[in-house]
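Observations on chain architecture
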Amino acid sequence: MTGRSVLAIALVPLSFEIDRPEGEESSEVLARMKDTATPEAMALTEEIRSIVTAAIDALPEDLRTAIQLRELEGLSYEEIANAMECPVGTVRSRIFRAREAIDGRLREVFEGGLGRREVTG
């Protein structure tokens, strides 16, 4: 799941595909959350929104600005680079680090985060 998907979950009702193998308990729970009319789905959506908002607020200013411009404003990497007066590579790095920080907060609450795979080795 991309950082864009995680932020989208925080801002709108749940509507995403689970990229975990069938049979995992958390996968089954999240699959049930696709029905946004249930109290369980509404509570989970609000919890995710709260966690993501707090994680974004806790980011250093440069990371927070980059992720907000990309995920909330929909700017391209080039547009963000122009707005922040830095190279595109720096923008990509900031967005990556912001997404990792947000996912890290989600992992503290939801086992395995919400789909981003941790690269090991």
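Everything below is about the structure printed above this text.
Figured I'd write up the structure that's included with this text.

Parameters at a glance
- Residues numbered from 1 in each chain as written.
- Predicted model: local features only at pLDDT ≥ 70, side-chain atom pairs only at ≥ 80, totals over all residues.
- Heavy atoms only, no water.
- Phe/Tyr/Trp six-rings, centres within 6.5 Å; stacked < 30°, edge-to-face > 60°.
- Lys NZ or Arg CZ within 6 Å of the ring centre and 35° of its normal.
- Core = buried A, V, L, I, M, F, W, Y, C linked by side-chain atoms within 4.5 Å.
- Buried < 20%, exposed > 50% of the residue type's maximum accessible area, 1.4 Å probe, protein only.
- Helix = DSSP H or I, 4+ residues; strand = E, 2+ residues; numbered from the N terminus.
- Contact = heavy atoms within 4.5 Å.
- Expected span 1.5 Å × (residues − 1).
- Arc of directions from axis to C-beta.
- Polar contact = N/O pair within 3.5 Å; in protein donor to acceptor, adjacent residues only side chain to side chain.

By the definition in use, this model includes 0 aromatic pairs. A cation over a ring is seen here: Arg 70 above Tyr 77, with NZ or CZ 4.3 Å from the ring centre. The positively charged end of Arg 92 is found above the aromatic ring belonging to Tyr 77, 4.2 Å away from the centroid.

For the rest of this paragraph, the subject is the nonpolar core. In this structure, Val 91, Ile 95, Ile 102 and Leu 106 are the most contacted members of the largest nonpolar core, which totals 22 residues. Mapped onto this core, the elements with two or more residues apiece are helix H3 (39-58), helix H4 (61-72), helix H5 (77-84) and helix H6 (88-109). It is H3 that contributes the most residues to this core, 6 residues altogether. When sequence neighbours within four positions are dropped, the list of residues in contact with Ile 95 reads Ala 66, Ile 67, Arg 70, Tyr 77 and Ile 80.

What follows concerns unusual backbone geometry. One non-glycine residue with positive phi stands out, namely Glu 85, at about 55 degrees. Exposure remark for Glu 85: the relative accessible area of 73% places this residue in the exposed category.

Further remarks concern H6. In this model, H6 (22 residues) spans 32 Å end to end at C-alpha, consistent with the 32 Å of a helix rising 1.5 Å per residue. Turning to H6, its buried residues number three or more, namely Val 91, Arg 94, Ile 95, Ala 98, Arg 99, Ile 102, Asp 103 and Leu 106. In an axial view of H6, the angular spread of the buried residues amounts to 165 degrees, which keeps them on one side of the axis.

Over its 12 residues, H4 extends 15 Å from the first C-alpha to the last, a length consistent with the 16 Å expected when each residue adds 1.5 Å. Every buried residue belonging to H4 is among Leu 63, Ala 66, Ile 67, Leu 69, Arg 70 and Glu 71, and all of these are buried. Phi for Gly 74, located one or two positions after H4, is positive at around 75 degrees.

Our next topic: the side chain of Asp 103. Here Asp 103 shows up in helix H6. Within polar-contact distance, the side chain of Asp 103 engages the side chain of Arg 107 at 2.6 Å.

All right, on to the side chain of Arg 99 then. Take Arg 99: it is sitting in helix H6. For Arg 99, a relative accessible area of 16% corresponds to the buried category. Among the polar contacts made by the side chain of Arg 99, one reaches the side chain of Glu 71 at a distance of 2.4 Å.

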